[in-house]
Amino acid sequence: MKLMIALISGVLFGAGLTIAQMVNPEKVLNFLDITGQWDASLALVMASALTIFGSGYFLLVRTKDKPLLDKEFIVSNNNKIDNPLIVGATIFGLGWGLIGICPGPALATLLTGNIKFFGFFIAMLIGMQVAQKISKTIANE
Amino acid sequence: MTEFTPLTALFGGALIGVSALLLLIFNGRIAGISGILYSAIQPADNDRLWRWLFLLGLMLGVFFAMNPTTPLPSDIEASWPLLIIAGLLVGFGSKIGNGCTSGHAICGLGRLSPRSIVATIIFMITAALTVFITRHILGA
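Residues numbered from 1 in each chain as written. Chains lettered and ligands numbered in written order. Predicted model: local features only at pLDDT ≥ 70, side-chain atom pairs only at ≥ 80, totals over all residues. Heavy atoms only, no water.

## Observations regarding the overall build of chain A
Move 1: Broken down by element type, chain A carries six helices and zero strands.
Move 2: Shown N-terminal to C-terminal, the secondary structure of chain A runs as helices and strands in the order α-α-α-α-α-α.
Move 3: Taking the principal axes of the C-alpha coordinates as reference, chain A spans close to 45 × 45 × 35 Å.
Move 4: Counting only residues that meet the buried cut, chain A has 52% of its 141 residues in that class.
Move 5: Of all intrachain contacts in chain A linking residues separated by at least 6 positions in sequence, the fraction that spans at least 24 positions is 39%.
Move 6: Looking at charge distribution, chain A has the averaged site of its 10 positive side-chain charges lying 8 Å from that of its 8 negative ones. (Helix = DSSP H or I, 4+ residues; strand = E, 2+ residues; numbered from the N terminus. Buried < 20%, exposed > 50% of the residue type's maximum accessible area, 1.4 Å probe, protein only. Contact = heavy atoms within 4.5 Å. Lys, Arg positive; Asp, Glu negative; His and termini not counted. Charge placed at Lys NZ, Arg CZ, Asp CG, Glu CD.)

Okay, structure coming up:
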């Protein structure tokens, strides 16, 4: 059942990304281009997703001790604003702003069969592995 | 130039919200794509199956939803070096910063997590500045 939920949740997520057109890098860049040809659509995507997830979280999740099908909620309760968070978010924003693709759309655009999207996807996975190696090295010092 | 599409934006966003909510209420998991993707490819991770199914579902969802009004892009203009650099930065940054657009800007913000609020503000501003510089100063 848990696996079924994971699959259904994935389907809804992918359909949402596509219908909202977050999979279109041009649309994402136009959303970020506030002083240019600003396309506010993605602000509505976020507002809509946040309203549903946020109200559901406070009404249905916070009122429970555990999820319906598992032992505990795996949710970070780390509230520390540390350097990795700030540096990571800055680097992520730089990469996102250069091309207009974040991890969900990076996966979605593989379905185009266009090799350029595969290139981006592989580079992204390599970036993750490098980050993990570096944070491990720093943690061991 | 892309058109302002409020209805599909609201509907697509709602699906993403429901997706993240389902995964949390039933399975107790956060729908953060960068985290799910990273853990799915770690050989030592023994809780990989649900992640693979989620990612498979995501691809299926894209496949079902793509049509002439909400298509996938056919090509991307960016040069190869730029694509690779951006890919490395997106992967590196999301791993170091513990999340991307989905984990921080939807799930984290929705929970009012201070870390996610800070991360979202930082990456939105950095991304908007990057677009401003590449489009309006360098004139790409």
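The structure having been displayed, the exposition proceeds.
## Brief notes about the overall build of chain B
Move 1: Counting secondary structure elements, chain B contains six helices and zero strands.
Move 2: For chain B, the α and β elements follow one another from N to C terminus as α-α-α-α-α-α.
Move 3: Principal axes of the C-alpha set define a box for chain B whose edges measure 45 × 35 × 30 Å.
Move 4: Counting every position in chain B, which comprises 140 residues, the buried fraction comes to 54%.
Move 5: If you take every contact in chain B between residues at least 6 apart in sequence, the share linking residues at least 24 apart comes to 28%.
Move 6: When the accessible surface of chain B is split by element, carbon and sulfur atoms take 73% of a total near 6,200 Å².
Move 7: Each charge class in chain B was averaged separately, 7 positive and 5 negative side chains, and the resulting centres sit 16 Å apart. (Areas by Shrake-Rupley, 256 points an atom, 1.4 Å probe, with all protein chains shown as cover.)

## Some thoughts on the nonpolar core
Move 1: Counting residues in each nonpolar core, the largest one holds 71 residues, and the members touching the most others are W96(A), I99(A), F120(A) and F54(B).
Move 2: When residues of this core are assigned to domains, at least three map to each of domain 1 (1–75) and domain 2 (78–141) of chain A.
Move 3: Apart from the residues within four sequence positions on either side, I99(A) is in contact with P25(A), L29(A), F120(A), I76(B), A78(B), L82(B), L83(B) and A86(B). (Core = buried A, V, L, I, M, F, W, Y, C linked by side-chain atoms within 4.5 Å. Domains from an automatic or database assignment.)

## What about the pattern of salt bridges?
Move 1: Going through the model one piece at a time under the given rule, you end up with six salt bridges over all chains.
Move 2: D70(A) is the partner of K2(A) in a salt bridge, and the nearest nitrogen-oxygen pair spans 3.0 Å. Taken together, the residues K2(A) in helix α1 (residues 2–20) and D70(A) in the loop between α3 (41–61) and α4 (83–99) connect sequence positions 68 residues apart.
Move 3: On the basis of relative accessible area, K2(A) is assigned to the partly exposed category, the value being 35%.
Move 4: Between R115(B) and D82(A) there is a salt bridge, with its nearest N and O atoms 3.1 Å apart. (Salt bridge = Lys/Arg side-chain N within 4 Å of Asp/Glu carboxyl O.)

## Details of the domain arrangement of chain A
Residue and element names in this part refer to chain A.
Move 1: What the domain assignment lists for chain A is domain 1 (1–75) and domain 2 (78–141).
Move 2: Each of domain 1 and domain 2 has a C-alpha centre, and these two points are 19 Å apart.
Move 3: Overall, the association of domain 1 and domain 2 removes approximately 690 Å² of surface from exposure, summing both partners, and the carbon and sulfur fraction of that is 82%.
Move 4: When the area that domain 1 buries against domain 2 is broken down by residue, the three leading residues are V23, P25 and L29, summing to 48%.
Move 5: The interface formed by domain 1 and domain 2 holds zero salt bridges in total.
Move 6: Linking domain 1 to domain 2 there are zero residue pairs in polar contact (both at pLDDT 80 or more). (Buried area = accessible area lost by both parts, 1.4 Å probe. Polar contact = N/O pair within 3.5 Å; in protein donor to acceptor, adjacent residues only side chain to side chain.)

## Points about the side chain of R29(B)
Move 1: By the secondary structure assignment, R29(B) is in the loop between α1 (6–27) and α2 (33–40).
Move 2: A polar contact of 2.7 Å, which involves the side chain of R29(B), links it to the side chain of D47(B).
Move 3: Setting aside chain neighbours within four positions, we find R29(B) in contact with I74(A), L23(B), L24(B), D47(B), W50(B) and R51(B).

## Re the packing of α4(A) against helix α4 (residues 80–96) of chain B
Move 1: At a minimum axis distance of 7 Å, the contact between α4(A) and α4(B) shows a crossing angle of 155°. In terms of orientation, α4(A) and α4(B) fall into the roughly antiparallel class. Between α4(A) and α4(B) lies a crossing of left-handed hand. Side by side, α4(A) and α4(B) meet where P84(A), L85(A), G88(A), A89(A), I91(A), F92(A), L94(A), G95(A), W96(A), L98(A) and I99(A) of the first sit next to L82(B), L83(B), I85(B), A86(B), L89(B), V90(B), F92(B), G93(B), S94(B) and I96(B) of the second.
Move 2: A per-class count over the contact of α4(A) with α4(B) returns 17 nonpolar, four polar and no charged. (Axes fitted to C-alpha atoms, helices over the stretch in contact; angles between N-to-C directions. Parallel < 35°, antiparallel > 145°, perpendicular 65-115°, else oblique. Left-handed = near helix turned anticlockwise from the far one by under 90°. Nonpolar A, V, L, I, M, F, W, Y, C, P; charged D, E, K, R; others polar.)

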